[in-house]
Amino acid sequence: MPAAKHPNAAELLGKSREELRAFAQSLEEPAFRGAQLYHALYAERKFDFAEMTNLPAALRECLAREARITLPEIARRYRSGDATVRYVLRLAGMGTMDKKAKAPERPATIETVFMPEEKRQTICISTQAGCAVDCRFCLTATLGLMRNLTAGEILGQVLVALADNRHALKPQTNIVLMGQGEPLLNYDAVMGALRILLDAEAIGISPKRATLSTSGIVPGIERLAQEKVRPKLAISLNASSDAQRNEVMPINRKYPLEKLLAACRKYPLRPWEKLTFEYVLLGGFNDAPEDARRVARLVNGLRAKVNLIPWNPGDLPYEKPDPARIEEFRRILTYKGVPAFVRYSRGQDVMAACGQLALLEAAAKQPLAQISPAS
Ligand code: SF4
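In short, a report on the structure. (Residues numbered from 1 in each chain as written. Predicted model: local features only at pLDDT ≥ 70, side-chain atom pairs only at ≥ 80, totals over all residues. Heavy atoms only, no water.)

**Thoughts on the environment of Arg 297**
Right, on to step 1. With respect to the secondary-structure elements, Arg 297 resides in helix 10 (residues 289-298).
Right, on to step 2. Distance in space between the C-alpha atoms of Arg 297 and Val 338 is 9.6 Å, their sequence separation being 41 residues. (Helix = DSSP H or I, 4+ residues; strand = E, 2+ residues; numbered from the N terminus.)

**Concerning the sheet that holds strand 3 (residues 73-79)**
Right, on to step 1. What the 10 strands build is an open sheet, ordered 3-4-7-8-11-12-13-14-15-16; its pairing is mixed. The two strands at the open ends of the sheet, each matched to only one other strand, are strand 3 and strand 16 (340-342). Strand-to-strand twist of the sheet, defined as the mean angle between neighbouring strand axes without regard to direction, takes the value 20 degrees.
Right, on to step 2. As defined by bridge partners, strand 14 (residues 275-281) adjoins strand 15 (residues 304-310) across seven bridges and the pair is classed as parallel. Bridging across to strand 15, Leu 275 finds its partner in Ala 304.
Right, on to step 3. In this fold helix 4 (residues 151-164) packs onto strand 3, strand 4 (85-91), strand 7 (108-116), strand 8 (120-124) and strand 11 (172-177), with an angle of close to 130 degrees to the strand it touches most, strand 4.
Right, on to step 4. Lying on the sheet, helix 5 (residues 187-197) is in contact with strand 11 and strand 12 (210-214); it crosses strand 11 at an angle near 175 degrees. (Pairing = 2+ DSSP bridges. Axes fitted to C-alpha atoms, helices over the stretch in contact; angles between N-to-C directions. Contact = heavy atoms within 4.5 Å.)

**Considering the packing of aromatic side chains**
The description of an aromatic ring pair rests on the distance of the ring centres and on the angle between the ring planes.
Right, on to step 1. Overall, the coordinates contain four aromatic pairs when judged by the stated rule.
Right, on to step 2. Taking the centre distance of 5.8 Å and the plane angle of 80 degrees together, the rings of Trp 311 and Tyr 318 count as edge-to-face.
Right, on to step 3. Residue classification places Trp 311 among the buried positions, given a relative accessible area of 8%. (Phe/Tyr/Trp six-rings, centres within 6.5 Å; stacked < 30°, edge-to-face > 60°. Buried < 20%, exposed > 50% of the residue type's maximum accessible area, 1.4 Å probe, protein only.)

**Digging into the side chain of Arg 245**
Right, on to step 1. In this fold, Arg 245 is placed in helix 7 (residues 242-248).
Right, on to step 2. Buried charge without a salt bridge: Arg 245, with Asp 242 as the nearest opposite-charge side chain at an N-O distance of 6.3 Å.
Right, on to step 3. In this structure the side chain of Arg 245 is engaged in a polar contact, spanning 2.9 Å, whose partner is the backbone oxygen of Leu 237.
Right, on to step 4. Contacts of Arg 245, omitting those with residues within four sequence positions, involve Ser 215, Ser 236, Leu 237, Ala 239, Pro 250, Asn 252, Tyr 255, Leu 257 and Leu 260. (Lys, Arg positive; Asp, Glu negative; His and termini not counted. Salt bridge = Lys/Arg side-chain N within 4 Å of Asp/Glu carboxyl O. Polar contact = N/O pair within 3.5 Å; in protein donor to acceptor, adjacent residues only side chain to side chain.)

**Describing the nonpolar core**
Right, on to step 1. Tyr 42 and Phe 277 are the most contacted members of the largest nonpolar core, which has 102 residues in total.
Right, on to step 2. Not counting residues up to four positions away in its chain, the partners in contact with Phe 277 are Ile 235, Leu 237, Leu 261, Cys 264, Val 299, Leu 302, Ala 304, Lys 305, Val 306 and Asn 307. (Core = buried A, V, L, I, M, F, W, Y, C linked by side-chain atoms within 4.5 Å.)

**Side note on the site of the ligand**
Right, on to step 1. Every residue lining the ligand is accounted for by Cys 131, Val 133, Asp 134, Cys 135, Cys 138, Ala 141 and Gly 181.
Right, on to step 2. Classifying every residue of the shell around the ligand gives five nonpolar, one polar and one charged. (Near = heavy atom within 4 Å. Nonpolar A, V, L, I, M, F, W, Y, C, P; charged D, E, K, R; others polar.)

**A look at the pattern of salt bridges**
Right, on to step 1. Under the defined criterion, the tally for this structure stands at 19 salt bridges.
Right, on to step 2. Glu 73 is the partner of Arg 90 in a salt bridge, and the nearest nitrogen-oxygen pair spans 2.9 Å. You can see Arg 90 sitting in strand 4 and its partner Glu 73 sitting in strand 3, a full 17 residues away along the chain.
Right, on to step 3. Owing to a relative accessible area of 39%, Arg 90 belongs among the partly exposed residues under this scheme.
Right, on to step 4. The partly exposed category is assigned to Glu 73, whose relative accessible area is 44%.

**Describing the pairing of strand 7**
Right, on to step 1. By the criterion of burial, strand 7 is predominantly enclosed, with seven of the nine residues buried.
Right, on to step 2. Looking at chain direction, strand 4 and strand 7 are connected through seven bridges and run antiparallel. Pairing of Tyr 87 across the sheet is with Thr 112, part of strand 7.
Right, on to step 3. Where strand 7 meets strand 8, four bridges bridge the pair, whose relative direction is antiparallel. Bridge pairing in strand 8 links Val 113 to Cys 124.
Right, on to step 4. Once strand 7 ends, the chain turns through three residues before running back antiparallel as strand 8.

Function-wise, these values are silent; they only describe arrangement.
Following this line, the structure appears as structure tokens:
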């Protein structure tokens, strides 16, 4: 019979090697047992203590009583015609502690997206439940911030998506921190998760294959610049002037374009690295040729590329951009020496915009007719 779990059993998912070493010592075990636990949990991806055969049996039994490993739970799973899988994940909120709030984390639901391609898969993960940043084109913003995710809840999304698709995995995995939330407003948990995700001795994703997308939190960008291990940086630009950006991204009043681009110019790019600017093309709002020329001036001199994302009409009052204007925008940027690419969001038939699924969950509605739950 499995051992009864201690009511205050420690949550281990998200703990660093050092934290696991300290945890092993708190159980009166040598510190190296913590490093073995780190290997079993993240490199071997064993989530049941009984399977951690690199640990002595007595320690496995002790862990079964004193510790827990809580992965996010798949609440709903939607498969799109282009093979994208969108997950609504339920976070138990048990056994994790927000140090600032000094209270147990509340349960929450978030979204994670798994996008298979020919030679790789890309997993888009959330860093907060809801978001406080209030970008006007984003449905997540309408949820407000419910809470920060812990490091374990952030990296747990990758583990769940990989496990759920284990029979069809490609050799490479990309991760993008572009789901719900502003990663740089949950800095410590995001970096805690990334240090484990990008550790070759843990989950082992290459830093070249991880991208953090920010709405432009300048102090966070400056802090990220100091990190030894860090993902690539993407800036959600979406406007060609302060007046325009203030309208769609009120965060711009706090960190206007001049400050944001100054932080980008100081950002220490590695030899292989480029900054990415994401630009959602909102028909009739920011997709004019003059906007393209202003964007080219803004990013002038930066080692950067621009991803143009045509607005996908949904519940918000923006128009789909005209295909000829999209192409003209791209052509102007390219002509001005700025590499520019048009990216269409995937999984459009299963609620493309971030926040759409969570909004449905929050409203406790049944999935719409065009959504076909895969399980
Ligand atoms: S786009 Fe990102 S930062 Fe802006 S409100 Fe949505 S989740 Fe938050």
